[in-house]
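Given next are the chains, with one letter for each unit.
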Amino acid sequence: MESALKPDFQFLDEVESHGPFEAAACYQCRKCTNGCPVTFAMDLYPDQVIRKVILGQKDDVLRCSTIWVCATCETCTTRCPNDVKIAEIMDCLKEMAARQNIPVPQPQARILHQTFLKNIRRHGRVFEGELMAEYLITSGQLMPKFKDGTLMDDMKLGINLLRKGKMPVIPKIHKGRKFVSEILKD
Amino acid sequence: MKVSYYPGCSLEGTAKSDYAESLHAIAKAFDIQLEEVRDWHCCGASAAHSINHRASIELAGNIVSLSSKLPHEDLLVPCPMCFNRLKTAVNALKEARAEQYRVQLGDEIPNIWGFAEYFSTPDMLEQIIQQVVKPLKDLKVVCYYGCMSNRPPEITGAEDHENPQIMERILDKLGATVLDWPYKTDCCGASMVLSKPGIVHVLVGKLYDMARRVGADAVVVSCQMCHMNLDMYQTQIETTWEKKFDLPIYYFSELIGLACGIKGAEKWISKHITESLSLLDRLGLLKSNVTPQVEAVA
């Protein structure tokens, strides 16, 4: 029988090469998990993610929804008694998962980030109206939102924002654009 | 006094007609000239630090570099996300591993300030006292800071990151009743409002509920992402929670404008999605309600 655990003990080094994050200093006090505001939506708790990084459970952490539920509110990093950069490890895992195109159960957060970066690469500054529309289309939310009626709420909000001078219809032309598209080329 | 100013993208969009305009007006009233950083661009925000670390440091670092071309000591940043990213970049670009990034910083780096922080120095508070013409009597508020202006404190330099007092100090001088509450720095989930609205409804609903429980009639913020999240979706969140909250969300800058009689205050507040003028009207804080005596003082 094949073992369920396939530890990759290089993984901790691989993660730390983007740090230092001090993951190995974790002594599992769970202060991160206890203060995290979004554990109710996670499949692994933050302390479990850190433990699995140490134990080389690469697949588990790159495929979990926790890393994409993390709001990067930095409560965990701030309160960690051992200075483990937990939120920064979450970011590092997100980037690894995104670059390796690892499928996630709910890819909306990743798609939003990717759409956002495309948007600023194009305009240099976020062009919010276009970002919202493009995200709805690329994330496949258009039809579900149409069916459950929330698309109507969004359209009403959009019109309201236009009316209140909060939604420009043309992006600004400025010289900073070139730098952004250069940085985001790769 | 002249200072450098990095508005950030949303102050040209969803936070333009209330936050940006109120900041410009109060800066003018307090004799602070804002000089915009030339050729500024997006700092990369949540998206860059989530999936492209290098770009997040280079984009934010370049803004600091552009701002150091201006001859001012202070750089004012209204968006706490930009503020946090700029400070993070400065930190990263000072470290031993800085050479991995394609942006370098010179020796002259401006002091990076959040707007609320800038207006809460002893000197500014003294000036606020001088300018108040219409104290915000009977306005019961809680101050809500969110994450990015506070955490992590070794980046933000926040003096009390679990219980900040910056806006409390300002609102106290404006004559408002500031209530204590436990959720000042709890996350509202703004970065997930498009991708995971269900989570946001839980987080923001909790904030509304607690604000009401401690007796607040409004929430005061210094972050346009928190504002968007708490102001724009209130009706939907009320439906989820099966509860009416009816909470106007004011920017601290709008209330400085209102109490100091700065032109435009009512117009900025009218741009919120959640109706926010009638509370002030009931308390007699709008212009149409100003008694002749108070007007004479103004």
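Being a predicted model, the structure only gives us computed values, none of them experimental.

Engineer: Give me the lowdown on the overall build of chain B, citing residues and values where you can.
Structural biologist: A tally of regular secondary structure across chain B gives 15 helices and eight strands. Over its C-alpha trace chain B gives a radius of gyration of 19 Å, about what one expects of a compact globule, namely 19 Å for 298 residues. The dimensions of chain B, computed from C-alpha atoms along their principal axes, are 60 × 45 × 30 Å. When the 298 residues of chain B are sorted by exposure, 56% land in the buried category. Within chain B, contacts between residues separated by at least 24 positions form 79% of all contacts whose residues are at least 6 apart in sequence.

Engineer: Any details on the domain arrangement of chain A? Residues and values, ideally.
Structural biologist: We note that the domain assignment places domain 1 (11-99) and domain 2 (108-183) within chain A. On a C-alpha basis, the centres of domain 1 of chain A and domain 2 of chain A stand 29 Å from each other.

Engineer: Can you break down the interface of chain A and chain B residue by residue, with the values?
Structural biologist: By a widespread convention, an interface's size corresponds to the accessible area lost as its parts come together. At the junction of the two partners, chain A supplies 48 residues and chain B supplies 43 residues. For the side of chain A that touches chain B, the leading source of residues is helix α8 (residues 108-123) of chain A, giving eight residues. Looking at side-chain class alone, the side of chain A that touches chain B contains 23 nonpolar, 13 polar and twelve charged residues.

Engineer: Quick rundown of unusual backbone geometry? Include the residues and the values.
Structural biologist: Across the junction of Gly19(A) and Pro20(A), the peptide omega takes the value 15°, indicating a cis bond. Structurally, Pro20(A) can be placed in the loop between α1 (11-16) and α2 (31-35). A cis amide bond links Arg151(B) with the next residue in sequence, Pro152(B), at an omega value of -15°. Considering the arrangement of structural elements, one finds Pro152(B) in the loop between β5 (140-144) and α7 (153-156). Phi at Glu22(A) takes a positive value of approximately 60°, unusual for a residue other than glycine. Looking at the element boundaries, Glu22(A) is found in the loop between α1 and α2. Despite not being glycine, Glu242(B) shows a phi value in the positive range, around 50°.

Engineer: So what's going on with the environment of Leu277(B)? Residues and values would help.
Structural biologist: All names here are of chain B. Its place among the elements puts Leu 277 in helix α14 (residues 277-282). The spacing of Leu 277 and Pro 248 is 29 residues in sequence and 8.2 Å in space, taken between C-alpha atoms. Discounting chain neighbours no more than four positions away, the residues touching Leu 277 are Glu 266, Ile 269, Ser 270 and Leu 286.

Engineer: With reference to specific residues and values, describe the sheet that holds strand β7 (residues 218-221) of chain B.
Structural biologist: All names here are of chain B. Sheet architecture is open: four strands sit in the order β6-β5-β7-β8, paired in parallel fashion. For this open sheet the edge positions go to β6 (177-178) and β8 (249-251), each flanked by a neighbour on one side alone. Across the sheet, helix α8 (residues 166-173) is in contact with β5, β6 and β7; its angle to β5 comes to roughly 155°.

Engineer: Tell me about the sheet that holds strand β3 (residues 74-77) of chain B, and please be specific about residues and values.
Structural biologist: Residues and elements named next belong to chain B. What the four strands build is an open sheet, ordered β2-β1-β3-β4; its pairing is parallel. The open sheet has two edge strands, β2 (33-36) and β4 (111-114), and neither has a second partner. Sheet twist, expressed as the average angle between the axes of neighbouring strands with direction ignored, equals 40°. Both β3 and β4 contribute to a ladder of four bridges, which runs parallel. Paired with Asp 74 across the bridge in β4 is Asn 111. Relative to β4, helix α4 (residues 80-94) is tilted by about 155°, and along the sheet it contacts β3 and β4.

Engineer: Go over helix α9 (residues 197-213) of chain B with me, naming the residues and quoting the values.
Structural biologist: At 3.6 residues per turn, the α-helix brings residues three or four places apart onto the same side. Residues and elements named next belong to chain B. With 17 residues, α9 should cover 24 Å at 1.5 Å per step; its first-to-last C-alpha distance of 24 Å lies within 8% of that length. For α9, the full list of buried residues reads Pro 197, Val 200, Leu 203, Val 204, Leu 207, Tyr 208 and Ala 211. Seen from one end, α9 has its buried residues packed into an arc of 135°, which puts them on one side. Every exposed residue of α9 that faces more than 90 degrees away from the buried side is listed here: Gly 198 and Arg 213. On its buried face, α9 sits against β5, β7, α10 (224-231) and α11 (234-241). A positive backbone phi angle near 95° is found at Gly 215, which sits one or two residues after α9.

Engineer: Summarise the nonpolar core; cite the residues concerned and give the values.
Structural biologist: With 146 residues, the main nonpolar core has Val141(B), Val219(B) and Val220(B) as its most contacted residues. For this core, the element with the most residues is helix α7 (residues 86-99) of chain A, which contributes eight residues. Sequence-distant contacts of Val220(B), that is, excluding residues within four places in its chain, are made with Val141(B), Cys143(B), Tyr144(B), Met167(B), Leu171(B), Tyr250(B), Phe252(B) and Leu255(B).

Engineer: Hey, could you go over the domain arrangement of chain B for me, with residue numbers and the actual values?
Structural biologist: All names here are of chain B. Taken as a whole, chain B is organised into domain 1 (2-116) and domain 2 (134-297). A straight line from the C-alpha centre of domain 1 to that of domain 2 covers 24 Å. In this complex, domain 1 contributes 25 residues to the contact, which on the side of domain 2 involves 27 residues. The set of elements that each furnish at least two residues to the side of domain 1 that touches domain 2 consists of α1 (16-29), α4 and α5 (115-118). At nine residues, α1 tops the list of elements feeding residues into the side of domain 1 that touches domain 2. Its residues placed into classes, the side of domain 1 that touches domain 2 shows 13 nonpolar, nine polar and three charged.

About the cut-offs
- Residues numbered from 1 in each chain as written.
- Chains lettered and ligands numbered in written order.
- Predicted model: local features only at pLDDT ≥ 70, side-chain atom pairs only at ≥ 80, totals over all residues.
- Helix = DSSP H or I, 4+ residues; strand = E, 2+ residues; numbered from the N terminus.
- Rg over C-alpha atoms; globule rule 2.2 N^0.38 Å.
- Buried ≥ 20, exposed ≤ 12 C-beta atoms within 10 Å, placed from the backbone.
- Contact = placed C-beta atoms within 7 Å.
- Domains from an automatic or database assignment.
- Nonpolar A, V, L, I, M, F, W, Y, C, P; charged D, E, K, R; others polar.
- Pairing = 2+ DSSP bridges.
- Axes fitted to C-alpha atoms, helices over the stretch in contact; angles between N-to-C directions.
- Expected span 1.5 Å × (residues − 1).
- Arc of directions from axis to C-beta.
- Core = buried A, V, L, I, M, F, W, Y, C linked by C-beta atoms within 7 Å.

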